[in-house]
Amino acid sequence: LISASSQVLGQMGIHFWSRDYVEVVKLSEKLPPSQMKRAMEYILFFYQGIAAICLARQTHDPKWRVMGEEAATWLSQLKSVSNWNFENKSILLQAELHYLDGDLELADSAYKASIKSAHDHKFIHEEALAYELYGIFCLENNMVEKGTKQLQMAIGKYTQWGAMVKVAEVRSLMELAGPTHKIPN
């Protein structure tokens, strides 16, 4: 059962890092936390939370907000257990929730705080993700120069992490945004 859970979690990771959020949520629903080792639950909630909040923003379906809020609450509780491991993830989910709520000032501050926390705690891949999501936030809110800079920082961090597929995906995302500066779903 653990190996099947690990396989589903691995598939979730692939879809998560490719921004295929519908598939992330579908897979997460196949994997109840009780079937996994407790230590791995945070990955499920982190992937599921980011995916659900992004889907809530795109579809305005309240079920995604609820799922995202539950993940944010759970990771916030984990942060009190291990600030080192969970602070940046918790703050990134909060940034996405602030963005969903239209509180752009709080979202901006939270993205920056998540980036700093991931950097300070040496989570290069999560620093890259925070830069990527912050860049998308900026572009979607007409902060073009700032958004482009954040996406370039994401490319640098993904390169440092060795994730060349993500580098290509972020570059493609920047090209697709083009002159409209809107990120396609």
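Scroll up to find the structure.
Residues numbered from 1 in each chain as written. Predicted model: local features only at pLDDT ≥ 70, side-chain atom pairs only at ≥ 80, totals over all residues. Heavy atoms only, no water.

Colleague: Would you take a moment to explain the pattern of salt bridges for this structure?
Modeller: Pairs can form between side chains of opposite charge whenever their charged atoms are close. Across all of its chains, the model carries ten salt bridges by this definition. Residues Arg65 and Glu69 are paired through a salt bridge, measuring 3.1 Å at the closest nitrogen-oxygen approach. Of this pair, Arg65 and Glu69 both sit in helix α4 (residues 62-81), separated by four residues, roughly a single helical turn. Look at the salt bridges and you will find they share partners, linking Arg65, Glu69 and Asp101 into a network. (Salt bridge = Lys/Arg side-chain N within 4 Å of Asp/Glu carboxyl O. Helix = DSSP H or I, 4+ residues; strand = E, 2+ residues; numbered from the N terminus.)

Colleague: What exactly am I supposed to notice about helix α2 (residues 21-29) here?
Modeller: What sets the pattern is the α-helix's 3.6 residues per turn: residues three or four places apart point alike. Those residues of α2 that sit buried are Tyr21, Val24, Val25, Leu27 and Ser28. Take α2 and look down its axis: the buried residues cluster within an arc of 165°, on one side only. (Buried < 20%, exposed > 50% of the residue type's maximum accessible area, 1.4 Å probe, protein only. Arc of directions from axis to C-beta.)

Colleague: What am I meant to see in unusual backbone geometry here?
Modeller: A negative phi holds for most residues other than glycine; trans holds for most peptide bonds. The backbone phi angle of Arg19 is positive, close to 65°, even though this residue is not glycine. Looking at the secondary structure, you find Arg19 in the loop between α1 (2-17) and α2. On the accessibility criterion, Arg19 (22% relative accessible area) is partly exposed.

Colleague: Got a minute to help me understand the side chain of Gln48 in this structure?
Modeller: One can find Gln48 in helix α3 (residues 41-59). According to the relative accessible area criterion, Gln48 is buried, its value standing at 11%. Among all residues touching Gln48, those that are not within four sequence positions of it are Val24, Ser28 and Met67. (Contact = heavy atoms within 4.5 Å.)

Colleague: What should I look at first to understand the packing of helix α5 (residues 83-101) against helix α7 (residues 124-140) in this one?
Modeller: Two measures define how a pair of helices packs: the angle their axes make with one another and the distance between the axes. Between α5 and α7, the shortest axis-to-axis distance is 11 Å and the interhelical angle comes to 10°. As the angle between them shows, α5 and α7 are arranged roughly parallel. Mapping the contact onto sequence places Asn88, Lys89, Leu92, Glu96 and Tyr99 in α5 and Glu126, Leu129, Ala130, Leu133, Phe137 and Glu140 in α7. Class assignment for the residues of the contact of α5 with α7 results in six nonpolar, one polar and four charged. (Axes fitted to C-alpha atoms, helices over the stretch in contact; angles between N-to-C directions. Parallel < 35°, antiparallel > 145°, perpendicular 65-115°, else oblique. Nonpolar A, V, L, I, M, F, W, Y, C, P; charged D, E, K, R; others polar.)

Colleague: What am I meant to see in the nonpolar core here?
Modeller: In globular proteins that are soluble, nonpolar side chains generally tend to be buried together. Counting residues in each nonpolar core, the largest one holds 60 residues, and the members touching the most others are Phe16, Phe46, Ile50, Tyr111 and Tyr158. Among the elements that make up this core, the one with the highest residue count is α3 (twelve residues). Those residues within four positions of Tyr158 in sequence are excluded, and the remaining contacts are Trp17, His125, Ala128, Leu129, Glu132, Ala163, Lys166, Val167 and Val170. (Core = buried A, V, L, I, M, F, W, Y, C linked by side-chain atoms within 4.5 Å.)

Colleague: Would you mind showing me how to read the packing of aromatic side chains here?
Modeller: How two aromatic rings sit relative to each other is set out by the distance from centre to centre and by the angle between their planes. Tallied over the full model, the rule gives 14 aromatic pairs. Taking 6.0 Å as the distance between ring centres and 45° as the angle between the ring planes, the aromatic pair formed by Phe16 and Phe46 counts as tilted. Residue Phe16 is located in helix α1, and its partner Phe46 is located in helix α3; the two are separated by 30 residues in the primary sequence. Aromatic pair Phe16 and Tyr47: ring centres 4.3 Å apart, planes at 15°, arrangement stacked. Placement of Phe16 in helix α1 and of Tyr47 in helix α3 is noted, with a sequence separation of 31 residues between them. Three or more aromatic residues joined by ring pairs form one cluster here, namely Phe16, Trp17, Tyr21, Phe46, Tyr47, Tyr158 and Trp161. Seen from the ring of Phe123, Lys89 lies directly overhead, with NZ or CZ sitting 4.4 Å from the centre. (Phe/Tyr/Trp six-rings, centres within 6.5 Å; stacked < 30°, edge-to-face > 60°. Lys NZ or Arg CZ within 6 Å of the ring centre and 35° of its normal.)

Honestly, that's just the spatial picture; any functional story needs more than this.
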